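Examining the three-dimensional arrangement
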Amino acid sequence: AQSVTQLGSHVSVSEGALVLLRCNYSSSVPPYLFWYVQYPNQGLQLLLKYTTGATLVKGINGFEAEFKKSETSFHLTKPSAHMSDAAEYFCAVSDPPHRGGSYIPTFGRGTSLIVHP
Amino acid sequence: NAGVTQTPKFQVLKTGQSMTLQCAQDMNHNSMYWYRQDPGMGLRLIYYSASEGTTDKGEVPNGYNVSRLNKREFSLRLESAAPSQTSVYFCASSDRDTTRGGNTIYFGEGSWLTVV
């Protein structure tokens, strides 16, 4: 069974500082990994995803994440935070579906990113 | 581009009342989902439909029913609303990414439901 742990329900940074949001997963097979972002009063939208290939994945708005199999981690980073990055961030994991099977991701509990001027 | 559209956006119900949340997607996706979001709990899957004509329970199905009306539409019904069902509900859809795998899920904007 797959599971996702996001360390820290809230992360606070100053504008211009490094953003680091942590995600660890458990999965019996090499998983698909995702980060979604939710801005206030909106639905979630995909930030980036890892499926196969290069372990460093680049997403929208300058975010990137690195898949580290040995650490079962998929931490999200951004070199310099902007005020507009303030949002809720969700890590998600999915085992590759069986042929023709359903794709059901498991979401973490979310991390709220607070950006101070 | 409409994407995933869900209605209503806000609703207040009295305990015991019933209601249906409507959802439609225009991306020709096979799979559709209903999630609820509660503070500190993240997103929890209520029901999903892998394809037209099929539905399956998720993590928290009790108190809910669903109907996959056609490929576009997937509704969620609360037969007898309870205060514990006060939440934000998200409909979503996805399809197999045949190029790289790892389906992206597309979410609606949410429906805020309060049961008093």
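Residues numbered from 1 in each chain as written. Chains lettered and ligands numbered in written order. Predicted model: local features only at pLDDT ≥ 70, side-chain atom pairs only at ≥ 80, totals over all residues. Heavy atoms only, no water.

Before going further, it helps to examine the state of the cysteines. Using the criterion set out here, one finds two disulfides over all chains in the structure. Note that A:Cys23 is cross-linked by a disulfide to A:Cys91, the S-S spacing being 2.0 Å. Handedness here is read from the sign of the S-S torsion; for A:Cys23 and A:Cys91, about -65°, the answer is left-handed. Of this pair, A:Cys23 sits in strand β3 (residues 19-26) while A:Cys91 sits in strand β9 (residues 87-94), and the two are 68 residues apart along the sequence. The residues A:Cys23 and A:Cys91 share a single accessibility class, namely buried. Shown here is the disulfide that connects B:Cys23 with B:Cys91, its sulfur atoms set 1.8 Å apart. Disulfide B:Cys23-B:Cys91: the torsion about the S-S bond is -75°, which places it as left-handed. Here B:Cys23 is found in strand β3 (residues 19-25), whereas its partner B:Cys91 is found in strand β9 (residues 87-94), with 68 residues between them in sequence. Note on accessibility: B:Cys23 and B:Cys91 belong to one class, buried. (Disulfide = S-S within 2.5 Å. Helix = DSSP H or I, 4+ residues; strand = E, 2+ residues; numbered from the N terminus. Buried < 20%, exposed > 50% of the residue type's maximum accessible area, 1.4 Å probe, protein only.)

Counting 27 residues, the largest nonpolar core has A:Trp35, A:Leu48, A:Leu76 and A:Tyr89 as the members making the most contacts within it. Elements with a contribution of two residues or more to this core: β2 (10-14), β3, β4 (32-38), β5 (44-50), β7 (64-68), β8 (73-78), β9 and β11 (111-116) of chain A. In terms of nonpolar packing, the next biggest core, distinct from the first, is built from 20 residues, B:Val4, B:Tyr47, B:Val60 and B:Leu76 among them. (Core = buried A, V, L, I, M, F, W, Y, C linked by side-chain atoms within 4.5 Å.)

Residue and element names in this part refer to chain A. Among the six residues in β8, five count as buried, and that is most of the element. Sheet analysis places β7 next to β8, joined by five bridges and oriented antiparallel. Pairing of Glu66 across the sheet is with His75, part of β8. Here β7 hands over to β8 after four residues, with Thr72 in that stretch at a positive phi of 45°. (Pairing = 2+ DSSP bridges.)

Let us now look at unusual backbone geometry. For the peptide bond that leads from B:Thr7 to B:Pro8, omega is -5°, which places it in the cis range. Relative to the assigned elements, B:Pro8 resides in the loop between β1 (4-7) and β2 (10-13). For A:Asn41, which is not a glycine, the phi torsion comes out positive at approximately 60°. In this structure, A:Asn41 sits in the loop between β4 and β5.

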